[in-house]
Amino acid sequence: MKALDYNTTQKPVWCPGCGNFAIWNGIKKALAEAGIEPHKLALVSGIGCSGKMINHVRAYGFHGLHGRTMPVATGIRLANPEMKVLVNGGDGDGYGMGVGHFVHAMRRNVDLTYIVHNNKVYGLTTGQASPTNEIGSPSKSTPFGVVDEPLNPIAIAIDAGATYVARGFSGDSEQLAELILGGLNHNGFALIDVFQPCVTFGGKYQYEYYQERVVKIENHDVTDADSALALSKTKDKLPIGLFYKVEGRPSYNEMHPEIEKAQVRKRDVTGLLEELV
Amino acid sequence: MSSVYVWKIGGPAGFGIMTTGPMFAKVLKASGYHVHGYPEYPSLVRGGYNCYQIAFGDTEVTAPYKKIDMYVALSDECFNREKFEESTYVIGDFANLKNAGDIKAKKIDVPLMGIVKELDGPDIMRNSVALGAAAALLGLDFALLEKNLTAAYKEKVAKINIEAAKKGYESVRERYSVVCKPAPDKCAPALYVTGNEATSIGAIAGGLTFFSTYPMTPASSILHYLAKCTREHGLVVKHTEDEISGINMAVGAAFAGARAMTGTAGGGFSLMNEGLGLAAITEVPIVLAVSQRPGPATGMATWTEQGDLKYVINSSQSEFIRAVYSPGSVEECYKFTFDALNLAEKYHIPVFVLLDKFLSESHFMAEKMPETGDVERGYLFEGNEEEPMAYFNRFAEKKDGVGVRVIPGTKGGLYIASSNEHTDEGFVSDKADVRKRQVERRFRKLKPLTDDMPHPELFGKKDAPLTFVCFGSVKMMLLEAMKHTDKFNFIHFPAVNPLNWEKVKKMLEGRNLCVMENNYTAQLRGIIAENTGIIIEKTFLKYDGRPFFNEEIVSFAEEAAK
């Protein structure tokens, strides 16, 4: 498989220069490298510009509701163990509306790869603050500046039970593709938070903003949760790369032995009825 | 003895009434009686007032009564809650019951706590002493009580409880005579089953492989029942973080090929609304068991109502079709849940099994469960080995508006299940012609779906002066009342949407109609009026959280028929 094989007939409608293009390319490259055939891939997305990814990657797709990607993806994973599950969502989608589902999916260590297009803004609804936006930033819904503390998805993920936690940047497509590939090859919940500028409504959060701040993670023990947590809380600089990875914790499917027997067929319930006599 | 005898046990939550009641009902059943069990309880773990009523007789009994023939009082609260007649037998430890002083009922004094202390058992064991006493008073064979106690508890606990029951039994037999003789007919073995159990077993029979939800009374026992069956029967059951996740997970599983279902009460269903619309536009088949209780919001958590009929029919934005079964018996719970799973996969639509607390949690006797058809999965794409990368026209019409479903993993079947309006392959589109074509196609399923729904049925004598019109569990209450008066017959709706309303209209015309519903606004009446133009003026409505008791129906019917 080549990256181009994953193209569809649909032309992207993202704004020219949108950070999503790098994620799109990263996904295709990683899929090709992992050798995942389109019919074995379930792509799940939420609502927003990130959700439109579903039209552009050749795979089975489920374009769900705002904030609800995690339960849909979990259902797919549990019901059809043969499918690889790759989820695309935005920061509003996953860290705002869907933050409860996000945390619970990680507690469960569902075997899926979750890419969050984190641009600190609601792009498709034309510029409201997202949960990762910093205090003081003005937006359409916070004209006098955000007053809510920004949410730290990396810290939450490490704490909640994700077993692969990474952060990529649309300005470094090579590293991004590697991180996605790592997620696809990981057995368990893989979060890849991506700094992905919204060139139209993203305000100050543009490529330059990130380029000045991002630093590649080096000399870090990815199996050490405490130092990964400390790294996620770095001020001023924004570390990108793999924060945390642990192997060996059973994934959600492995915790459900009944899945092997779950076949749709008429069942004999005589025994169950006899218990009620 | 009158044709139906009513036995009841009451006391605070935490006293074991909800296990003791059904167990004693099984003793009565094994003694040859027909039995119906109706529980009432507040939303409390300890305290308050719980009771379990057993109405039994020598013919089928299907609904609760106001009257009480024999009562087991476990606390003083019982005397504030219940009205006793002079003829009522009240079993109690009267040395320890202060409020019992002025009741007119016949007191059967049993030293419940004395016996418990004598045996050095836990306080809760007074139940077993009381059951022993009741069994003696009803002339039941002690061996049947012993057998059921053995089945209900672990060996050691069973042993001491049997001893306690024996002492209660002997204490009464020495001092009182039998007040109610066992029925001559032996109707055991028959099932003693709740609506939720029947719904769950129907789902398992129907090949369910995935169930996900958040617990909410009175639907929780569906979750519990299915959860304990996972390993043996091969199904995945998930208690999710909320109902939103519950329905979305079920939708994801169904998309991926599972037979999926969720279950909740009205409050949880409120959270499921967007997921319902998602299932509708993605044409992912799911079944929803919704058990009604009084609302809005939390309402009365542990009581019954039929207030969600219009809600399930109209919920979620815009327009789409869904099927709504409204079973009236445990047999229908079983059969319709089986059928619902088939119907959802045949038409790729959401299908409801609409229950209520009365049906979900009351016990009914059933000889056996009805025959069902086969598990049918509808049109499924088998795959195309030659073109593994090809997109598939999932949302193009095959027949009657229904497309061909593909289980992800199938070669050549790529498509997108999109919550946006979409093309035949599922790509997002808001073109006018695409929207129009998809809406019309989805609605073309309505006609064949209508033909698959069970039609309303007339019960009772054809020429009765009054015809009640009802849906769901009211059927059970009317069947009971019919034993006591010939002034009415009734038309029961085992499903409410969609129906062949021309046929319904013909059935309703020329009768003295009265709608009977457990709600305030007569929702079925509204739906009938909207679809047939027939406005049923007479109403018999109840919305206090209780089902219709037999005496209420009989006196209403006698009055209305005058």
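Before reading on, note that the structure itself is shown above.
Scope of this entry: the structure provided in the associated data block. Quick caveat: nothing in here was measured; it's all calculated off a predicted structure.

Tallying secondary structure elements over chain B gives 20 helices and 21 strands in all. For 562 residues, the compact-globule estimate of 2.2 N^0.38 gives 24 Å, and chain B sits close to it at 26 Å. In terms of its C-alpha atoms, chain B occupies a principal-axis envelope of roughly 85 × 60 × 40 Å. Looking at chain B residue by residue over its 562 residues, the buried ones come to 63%. Charged side chains of chain B number 64 positive and 70 negative; the gap between the two group centres comes to 2 Å.

The next point concerns the interface of chain B and chain A. Across the contact, 75 residues belong to chain B and 52 residues belong to chain A. Buried surface at the junction of chain B and chain A, summed over both partners, amounts to about 5,100 Å²; 64% is from carbon and sulfur atoms. Ranking the residues of chain B by area buried against chain A places Arg231, Glu241 and Met389 of chain B at the top, with a combined share of 12%. Remark: the boundary between chain B and chain A carries 3 salt bridges. With a shortest N-O distance of 2.6 Å, Arg68 of chain A and Glu274 of chain B are connected by a salt bridge. For the pair chain B and chain A, the interface holds 28 residue pairs in polar contact (both at pLDDT 80 or more). Split by residue class, the side of chain B that touches chain A holds 40 nonpolar, 22 polar and 13 charged. Bridge analysis of strand β2 (residues 60-63) of chain A against strand β15 (residues 416-418) of chain B gives 3 bridges, and the strand direction is parallel. Bridged to His63 of chain A within β15 of chain B is Ser418 of chain B.

Residue and element names in this part refer to chain A. Using the criterion set out here, one finds 37 aromatic pairs over all chains in the structure. Ring geometry for Trp14 versus Phe21: centroids 5.4 Å apart, planes at 85 degrees, classification edge-to-face. Look at Trp14 and you get buried, because its relative accessible area is 6%. You can call Phe21 partly exposed: its relative accessible area is 25%. Here the aromatic rings of Phe169 and Tyr210 are separated by 5.7 Å at their centres, their planes lie at 50 degrees, and the arrangement is tilted.

Take the packing of helix α4 (residues 99-108) of chain A against helix α5 (residues 153-160) of chain A next. All names here are of chain A. Relative to each other, α4 and α5 sit at 40 degrees, their axes nearing to 8 Å. Relative to α5, the element α4 is oriented oblique. You can see that α4 and α5 cross each other, and the crossing is right-handed. Listed contacts from α5 to Phe102, Val103, Met106 and Arg107 of α4 are Pro153, Ile156, Ala157 and Ala160. Broken down by class, the residue content of the contact of α4 with α5 amounts to 7 nonpolar, no polar and 1 charged.

A few words now on the pattern of salt bridges. All names here are of chain B. Tallying each qualifying case throughout the model produces 36 salt bridges over all chains. One salt bridge in this structure joins Asp69 and Lys67, with 3.1 Å as the shortest N-O distance. The class of Asp69 is buried, set by a relative accessible area of 15%. Notably, a salt bridge pairs Lys436 with Glu440, separated by 3.3 Å at the nearest N-O pair. With Lys436 and Glu440 both in helix α15 (residues 432-443) and 4 residues apart, the pair spans about one turn of that helix.

This part is about the sheet that holds β2 of chain A. Pairing is mixed in the open sheet, where 9 strands are placed in the order β9(A)-β10(A)-β7(A)-β8(A)-β4(A)-β3(A)-β1(A)-β2(A)-β15(B). The open sheet has two edge strands with one neighbour each: β9 (214-216) of chain A together with β15 of chain B. This sheet shows a mean twist of 20 degrees between the axes of neighbouring strands, independent of strand direction. Of the strand pairs in this sheet, strand β3 (residues 84-90) of chain A and strand β4 (residues 112-118) of chain A are connected by 5 bridges, and their pairing is parallel. Bridging across to β4 of chain A, Gly90 of chain A finds its partner in His117 of chain A. Of the strands in this sheet, β4, β7 (164-169), β8 (189-195) and β10 (238-245) of chain A touch α5 of chain A, which is tilted by about 165 degrees from β7 of chain A.

Okay, empty space enclosed by the protein next. Here the structure, examined in full by the defined rule, presents 3 cavities of 30 Å³ or more. One number sums up the size of the largest cavity: a volume of about 60 Å³. What lines the largest cavity is simply Ala280, Glu283, Phe320, Ile321, His348, Ile349, Pro350, Arg442 and Lys445 of chain B. Each residue belonging to the lining of the largest cavity can be placed in one class, and the counts come to 5 nonpolar, 1 polar and 3 charged. One number sums up the size of the second largest cavity: a volume of about 40 Å³. Along its surface, the second largest cavity is lined by Arg77, Met83, Lys84, Val85, Asp111, Leu112, Thr113, Gly183, Leu184 and His186 of chain A. Among the elements of the structure, β3, β4 and α6 (173-184) of chain A are those that each provide at least two residues to the lining of the second largest cavity.

Basis of the calculations
- Per chain, residues are indexed from 1 in the order of the written sequence.
- By the order in which they are written, chains take letters starting at A while ligands take numbers starting at 1.
- For a predicted model such as this one, the threshold for reporting local features is a pLDDT of at least 70, and the threshold for listing and counting side-chain atom pairs is 80 or more; totals across whole chains, interfaces and linings nevertheless cover every residue.
- Here the side-chain values reflect all heavy atoms present in the structure, with hydrogen atoms and water set aside.
- Per the convention used, a helix needs a DSSP run of H or I reaching at least four residues, while a strand needs a run of E reaching at least two, with both numbered from the N terminus.
- The globule rule used for comparison is 2.2 Å times the number of residues to the exponent 0.38, while the radius of gyration itself is calculated over C-alpha atoms.
- A simple rule labels every residue: compare its accessible area, found with a 1.4 Å probe on the protein chains alone, to the largest value its type can have, and call it buried under 20%, exposed over 50%, or partly exposed in between.
- The positive count covers Lys and Arg only, the negative count covers Asp and Glu only, and His and the chain ends enter neither.
- Throughout, a charge is located at the NZ atom of Lys, the CZ atom of Arg, the CG atom of Asp or the CD atom of Glu.
- Any two residues whose heavy atoms approach within 4.5 Å are treated as being in contact.
- Values labelled buried area give the accessible surface lost by two parts on being combined, using a 1.4 Å probe and summing over both.
- What makes a salt bridge here is a side-chain nitrogen of Lys or Arg within 4 Å of a carboxyl oxygen of Asp or Glu, nothing more.
- Contacts described as polar in this section are N or O atom pairs within 3.5 Å, which, within protein, must combine one atom able to donate a hydrogen with one able to accept it, while residues neighboring in sequence count only if both atoms come from side chains.
- Residues are sorted three ways: Asp, Glu, Lys and Arg are charged, Ala, Val, Leu, Ile, Met, Phe, Trp, Tyr, Cys and Pro are nonpolar, and all the rest, Gly among them, are polar.
- Only when DSSP finds a minimum of two bridges between them are two strands counted as paired.
- Two rings from Phe, Tyr or Trp (for Trp, the six-membered ring) form a pair when their centres sit within 6.5 Å of each other. Planes less than 30 degrees apart are called stacked, planes more than 60 degrees apart edge-to-face, and all others tilted.
- Note on geometry: axes are lines fitted to C-alpha atoms, helical ones only across the stretch in contact, with angles between N-to-C directions running from 0 to 180 degrees.
- The scheme is simple: roughly parallel for angles under 35 degrees, roughly antiparallel for over 145, roughly perpendicular for 65 to 115, oblique for anything else.
- Note on convention: the crossing is left-handed when the near helix lies turned anticlockwise from the far helix by less than a right angle, right-handed when the turn is clockwise.
- Put plainly, a pocket is an open set of points on a 1 Å grid over the protein atoms alone with protein on both sides within 12 Å along at least five of seven lines, a cavity is a set where a 1.4 Å probe fits but cannot get out, and a lining residue has an atom within 4 Å of a point.
- Grid points are joined across faces, edges and corners, and a volume is the space filled by probe spheres set on the points.

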